[in-house]
Protein chains: 2
Amino acid sequence: MATPPPTDLRLLRGARSRHTVLRHAIDIASLDGLTALSLGRLATDLDISKSGIQTLFGTKENLQVATVAAAGEAFHDAVVVPALAAERGVARLRALVERWVDYASTPLFAGGCFWAANLAEFDSRPGPVRDALARQQRQWRSLLAAELRHATEKGEIADLDPELAAFQLDAVLLAANTSLRLGDETATAMVERTVQGLLTPPQ
Amino acid sequence: MATPPPTDLRLLRGARSRHTVLRHAIDIASLDGLTALSLGRLATDLDISKSGIQTLFGTKENLQVATVAAAGEAFHDAVVVPALAAERGVARLRALVERWVDYASTPLFAGGCFWAANLAEFDSRPGPVRDALARQQRQWRSLLAAELRHATEKGEIADLDPELAAFQLDAVLLAANTSLRLGDETATAMVERTVQGLLTPPQ
């Protein structure tokens, strides 16, 4: 391989800085919320010049939107991608939930679930940040609903409304995230028993 | 009635100011979170001297704890007290949920559910504020669980685990609060159908 020309090297360094900054931004946002993000705080924490961060992201809102997108990608890689190896229907649903519990309890982000922290903060603030968070939540629920529909169509589970069941399952996962943060050890069992209840075999 | 002596008048004025300040503090905390509360902001918003607010509450943390307690009282008055008129079991459970949906959708506080907003913010921050929020959530879940237990013991509904069902119901209420804030009109139907599912009559 030839050495990349200087412009490409600059782009590559830019991409790497962007990744480093966003990774830290996600941790701040999951712990303290997206409003706690600022170009200045990131510059101080990462010992980079504030003008460098400004060049990468422009405004605070752009930084917030980029952080939401980066969190979405990290979630997708950690929770969704591994579950795609499981067969569609009950098996994939169980894999998604198992990965989700890992994601919230390990946790992938310093403050636990990114959406639990930030939807609560932004649900009353119309704008591009709220839109991005809400879109990601809808995608996640649609994914759960699709596997629930698949499971009923395959006759793996008793008939149910996939949209309602996905809403309930997502709600229980978010509540379990809060319980885990509060040190309540029963949260995982609550998730397991909810899944068990939804995935009743047909009579 | 005799005119109260000057000391009592001062106490009365103090209690009134305290109530006014806390009512505004609850609205700020439900919209922007308890961390957005500050003695200075309250003083500016309400056009009171900062030293007056300081005399009433002392520190920011004391103000936060007092705000949590005041929100708990307002919730109790708006949601719990009216439901106590309904017969224990299914009737009271339905009344509690109906009142809760009113509380979140009217809404009682400017930013919707106070605990949805603030548990997400404080669940990773050990201390008296988190402890107070978590205690109130446990009390609310216990109240739901007690009525579910009552309903099964009276034979009004099919057998279920009251603790699990209360966890699920509370989770769905919190998720519905977020949906309502995001303008999703299906949230109330999701709550109603979840209640319907839990309150299945015995076979």
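Remember, it's a predicted structure, so these values are computed and weren't measured experimentally.

Laying chain A over chain B is done by rotating through 180° and shifting 0.0 Å along the axis; what remains is an RMSD of 0.0 Å. Interpreted geometrically, this transformation is the action of a two-fold axis. Taking C-alpha positions as the reference, the residue of chain A nearest the rotation axis is A:Ala171, at 2.6 Å. The fraction of interface residues of chain A whose copies in chain B are also interface residues reaches 100%, indicating that both copies meet through the same surface.

Glancing now at the interface of chain A and chain B. Between chain A and chain B, the contact holds 26 residues from the first and 26 residues from the second. Sorting the residues of the side of chain A that touches chain B by element identifies helix 6 (114-122), helix 8 (162-181) and helix 9 (187-198) of chain A as the ones contributing at least two each. The leading source of residues in the side of chain A that touches chain B is helix 8 of chain A, at ten residues. Tallied by class, the residues present in the side of chain A that touches chain B amount to 14 nonpolar, seven polar and five charged.

Attention shifts here to the environment of B:Leu56. Along the chain, the position of B:Leu56 falls in helix 3 (residues 50-57). C-alpha of B:Leu56 to C-alpha of B:Gln136: the two residues are 80 residues apart in sequence and 24 Å apart in space.

Per-chain confidence: chain A averages 93 in pLDDT, with 95% of residues scoring 70 or above. Predicted complex, confidence summary: ipTM 0.92, pTM 0.92.

Attention now moves to helix 5 (residues 90-105) of chain A. For helix 5 of chain A, built from 16 residues, the straight-helix expectation of 22 Å at 1.5 Å per residue is met to within 8% by its first-to-last C-alpha distance of 22 Å. The inward-facing, buried residues of helix 5 of chain A abut helix 4 (60-83), helix 7 (128-153), helix 8 and helix 9 of chain A.

What follows concerns the environment of B:Leu37. All names here are of chain B. Positionally, Leu-37 belongs in the loop between helix 1 (6-32) and helix 2 (39-46). Between the alpha carbons of Leu-37 and Asp-27 there is a distance of 9.9 Å; along the sequence they are ten residues apart. Leave out the neighbours within four places in its chain, and Leu-37 touches Ala-25, Ile-28, Ala-29, Lys-60, Leu-63, Gln-64 and Thr-67.

Attention now moves to the packing of helix 5 (residues 90-105) of chain B against helix 7 (residues 128-153) of chain B. All names here are of chain B. Relative orientation of the contacting elements helix 5 and helix 7 amounts to 150°, with a least axis distance of 8 Å. Relative to helix 7, the element helix 5 is oriented roughly antiparallel. You can see that helix 5 and helix 7 cross each other, and the crossing is left-handed. Of the residues in helix 7, those in contact with Val-90, Arg-92, Leu-93 and Leu-96 of helix 5 are Leu-144, Glu-147, Leu-148 and Ala-151. Split by residue class, the contact of helix 5 with helix 7 holds six nonpolar, no polar and two charged.

Each value, and the rule that gives it
- Residues numbered from 1 in each chain as written.
- Chains lettered and ligands numbered in written order.
- Predicted model: local features only at pLDDT ≥ 70, side-chain atom pairs only at ≥ 80, totals over all residues.
- Least-squares fit on C-alpha atoms with pLDDT ≥ 70 in both.
- Contact = placed C-beta atoms within 7 Å.
- Helix = DSSP H or I, 4+ residues; strand = E, 2+ residues; numbered from the N terminus.
- Nonpolar A, V, L, I, M, F, W, Y, C, P; charged D, E, K, R; others polar.
- pLDDT = per-residue confidence, 0-100.
- Expected span 1.5 Å × (residues − 1).
- Axes fitted to C-alpha atoms, helices over the stretch in contact; angles between N-to-C directions.
- Parallel < 35°, antiparallel > 145°, perpendicular 65-115°, else oblique.
- Left-handed = near helix turned anticlockwise from the far one by under 90°.

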